[in-house]
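Okay, here's what each chain looks like letter by letter:
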Amino acid sequence: MSEDIESLIETAKRARLQSVAPFSNFQVGAAVKTANGKVYTGCNVESASYGLTVCAERVVIWKALSEGERHFTDLAVVADTETLTPPCGTCRQIIWEFARGARIVFANLEGKSEEFHIADLLPRAFDARFLKNK
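Residue indices begin from 1 for each chain and proceed along its sequence in written order. Where local features are concerned, this predicted model is filtered to residues with pLDDT of at least 70; where side-chain atom pairs are given and counted, the filter is 80 or more; whole-chain, interface and lining totals use all residues. Only hydrogens and water are set aside; all other atoms, that is, all heavy atoms of the structure, feed into the side-chain values.

1. Focus on the packing of aromatic side chains
Our working rule: In this analysis, rings of Phe, Tyr and Trp, with Trp reduced to its six-membered ring, are considered paired at centre separations within 6.5 Å, and the interplanar angle assigns stacked below 30 degrees, edge-to-face beyond 60, and tilted for intermediate values. Helix and strand definitions here come from DSSP, where helices need a minimum of 4 consecutive H or I residues and strands a minimum of 2 consecutive E residues; each element is numbered from the N-terminal end. Think of it in three bands: with a 1.4 Å probe and only protein chains considered, a residue is buried below 20% of the maximum accessible area for its type, exposed above 50%, and partly exposed in between.
A complete count under the given rule lists three aromatic pairs for this structure. With 5.7 Å between their ring centres and 85 degrees between their planes, phenylalanine 23 and tyrosine 50 make a pair best called edge-to-face. Highlighted residues: phenylalanine 23 in the loop between α1 (3-16) and β1 (28-34) and tyrosine 50 in the loop between β2 (39-43) and α2 (56-66), separated in sequence by 27 residues. You can call phenylalanine 23 partly exposed: its relative accessible area is 44%.

This is how it looks when you write it as structure tokens:
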């Protein structure tokens, strides 16, 4: 694994500590790297109205987008689980739409990690191509 990815995983681990997860205690951190080398972080934020809870993957992508970023190279997601935790379906859709070219790495606190591309996680994805009129 490259030094850049290891550094991004460490950044995501630190972001995980900022999670607001009073109901599940399931803390997740994410870090995304832009094409110009800037790194943004995010964590999951839970709400008492569970449907309003937001995953770390969406937080980090929306945070970067809100700062004007549009091109992402790498995304690391870290959770304290033995089995590496993939993004939920909603996050997969957001990754497809906004960070399609990014290398995605899932990692845990014990040093286990695995690398993916979003096309492997969301085959036959829906996107703006389907919204165009004939």
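2. Regarding the environment of serine 7
Its place among the elements puts serine 7 in helix α1. In this structure the C-alpha to C-alpha distance between serine 7 and alanine 56, which are 49 residues apart in sequence, comes to 18 Å.

3. Quick word on the environment of proline 87
What counts is decided by this rule: We call two residues contacting when some pair of their heavy atoms lies within 4.5 Å.
By the element assignment, proline 87 lies in the loop between β3 (72-79) and α3 (89-98). Exposure remark for proline 87: the relative accessible area of 3% places this residue in the buried category. Separated by 77 residues in the primary sequence, proline 87 and glutamate 10 have C-alpha atoms spaced 18 Å apart. Look past the residues within four positions of proline 87 in its chain and what remains in contact with it is Glu57, Arg92, Ile95, Phe106 and Leu121.

4. So, the pattern of salt bridges
The line we're drawing: Within this document, salt bridges are pairs made up of a side-chain nitrogen of Lys or Arg and a carboxyl oxygen of Asp or Glu, the two lying within 4 Å of each other.
What the rule picks out here adds up to six salt bridges. For the salt bridge of aspartate 127 with arginine 100, the shortest nitrogen-to-oxygen distance reads 3.2 Å. Of the two residues, aspartate 127 sits in the segment after α4 (118-121) while arginine 100 sits in the loop between α3 and β4 (103-108), which places them 27 residues apart along the sequence. In this structure arginine 100 comes out as partly exposed when scored by relative accessible area, which is 35%. One salt bridge connects aspartate 127 with arginine 129, and the closest N-O pair in it is separated by 2.7 Å. Because the salt bridges share partners, they merge into one network encompassing Arg100, Asp127 and Arg129.

5. Focus on the pairing of β1
To keep things clear, this is the line we draw: At least two DSSP bridges between two strands are required for those strands to pair.
Taking burial as the measure, the seven residues of β1 include seven buried ones, the bulk of the element. The alternating pattern of β1 places Val28, Ala30, Val32 and Thr34 and Gly29, Ala31 and Lys33 on opposite faces, both of which are buried. With seven bridges joining them, β1 and β3 adopt antiparallel strand pairing. Bridge pairing links valine 28 to alanine 79 in β3.

6. With respect to a nonpolar patch on the surface
Formally: A patch consists of residues whose relative accessible area exceeds 30% and which take part in no salt bridge; residues with like charges are grouped when within 9 Å of each other, and nonpolar side chains (Val, Leu, Ile, Met, Phe, Trp, Tyr) when within 5 Å. Here, Shrake-Rupley sampling with a 1.4 Å probe gives the accessible areas, and only protein chains in the shown set may cover a residue.
Among the surface-exposed residues, Phe126, Phe130 and Leu131 lie close enough to one another that they form a single nonpolar patch of about 350 Å² accessible area. Mapped onto the elements of the fold, leucine 131 is located in the segment after α4. Given a relative accessible area of 60%, leucine 131 falls into the exposed group.

7. A short note on α2
The α-helix winds at 3.6 residues per turn, so residues separated by three or four positions along the chain end up facing the same way. Listing the buried residues of α2 in full gives Ala56, Glu57, Arg58, Val60, Ile61, Ala64 and Leu65. Residues of α2 that are buried in the fold lie against β1, β2, β3 and α3. Glycine 68 sits one or two residues past α2 and shows a positive phi near 95 degrees.

8. Some thoughts on the sheet that holds β4
Applied cut-off: Axis definition: a line fit to C-alpha positions, over the contact stretch in the case of helices; interaxial angles, taken between N-to-C directions, run 0 to 180 degrees.
The strand order across the open sheet built from five strands is β2-β1-β3-β4-β5, with neighbouring strands paired in mixed fashion. In the strand order of this sheet, the two ends are held by β2 and β5 (113-117), each with one partner. Strand-to-strand, the axes of this sheet are offset by a mean angle of 20 degrees, without reference to chain direction. Most of the contacts of α1 go to β1, to which it runs at about 140 degrees, and overall it touches β1, β2, β3, β4 and β5. Across the sheet, α2 lies against β1, β2 and β3, angled at about 140 degrees from β2, the strand it touches most.

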